[in-house]
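Remarks on the overall topology
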Amino acid sequence: MNRKTYNSDSRYAKVLENMDLLGIMDVTTTRQNDNGTIVWRLPIKNNWPRQSASFIEVASFKTGYVRNQNSGYSNYQLNKRCDNEPEYFKLPNGDYRKFTTRGCKLIPIEIDRLEYLLKYCVKNYYIKHANQVPNGEFYPKFMYDNAKGNADFHEKRADELGNLAPEMPNEVTVIIDGQKYRVI
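The notes below deal with the structure included here. (Residues numbered from 1 in each chain as written. Predicted model: local features only at pLDDT ≥ 70, side-chain atom pairs only at ≥ 80, totals over all residues. Heavy atoms only, no water.)

Summing up its helical and strand segments, the protein has 5 helices and 11 strands in all. Across the 184 residues that make up the protein, the buried fraction comes to 24%. In the protein, the proportion of contacts linking residues at least 24 apart, taken out of those at least 6 apart, comes to 40%. Roughly 13600 Å² of accessible area belongs to the protein as shown, and the carbon and sulfur atoms make up 53% of that amount. (Helix = DSSP H or I, 4+ residues; strand = E, 2+ residues; numbered from the N terminus. Buried < 20%, exposed > 50% of the residue type's maximum accessible area, 1.4 Å probe, protein only. Contact = heavy atoms within 4.5 Å. Areas by Shrake-Rupley, 256 points an atom, 1.4 Å probe, with all protein chains shown as cover.)

Right, here's the structure in full:
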């Protein structure tokens with residue numbers, strides 16, 4: 001995004017201000033810019049699969065689509081979904097079959113796409129990933145709950161066993177090859 005051009009419009013300036021507050025970087029290449037595409041990199045890592053975590057990138061396209069650029073093995077639309085008009089197909093026996101699909105609701109105006117993208121990112125990446133630690137490693141809630149439960153269980157079990165343990169002697173005697181040794 002050309003910051004000088006966009007700062008002249010109040011809606012664009014607000015989007016840029018929010019991007020700066022959230023730590024979102026514009027990583028649009030020259031070619032993407034020429035095609036009307038804007039790409040943002042979020043300061044949150046996509047950790048599935050965990051071995052090759054990379055920062056999440058989202059993009060706004062001139063065609064009206066808003067997409068996630070690198071989550072999983074394919075990009076997917078972030079646009080709202082709506083039912084398309086049903087299509088009817090004539091069967092060989094003369095009956096008709098109704099076929100309904102879902103499509104994406106396109107957002108034709110660029111500033112509307114950017115505002116939608118910003119709201120989507122806040123809701124789905126910043127709020128839902130609130131338990132992300134600063135080094136970018138994400139721990140889902142179930143992993144945290146399991147680890148906390150295991151720690152609580154082992155702490156309780158150690159307390160129980162500590163009360164049942166017999167009095168330990170101050171020294172131990174060991175016999176090796178018929179020779180008696182005292183270990184203190």
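On to the nonpolar core. Ranked by internal contacts, the top residues of the largest apolar core, which has 23 residues, are Met19, Ile24, Trp40, Leu42, Val58, Leu117 and Tyr125. Where this core is concerned, the elements lending two or more residues are helix H2 (10–22), strand E2 (38–46), strand E3 (54–60) and helix H4 (110–127). With 8 residues, H4 is the largest single contributor of residues to this core. (Core = buried A, V, L, I, M, F, W, Y, C linked by side-chain atoms within 4.5 Å.)

Geometric descriptors of this kind do not, in isolation, establish any biological role.
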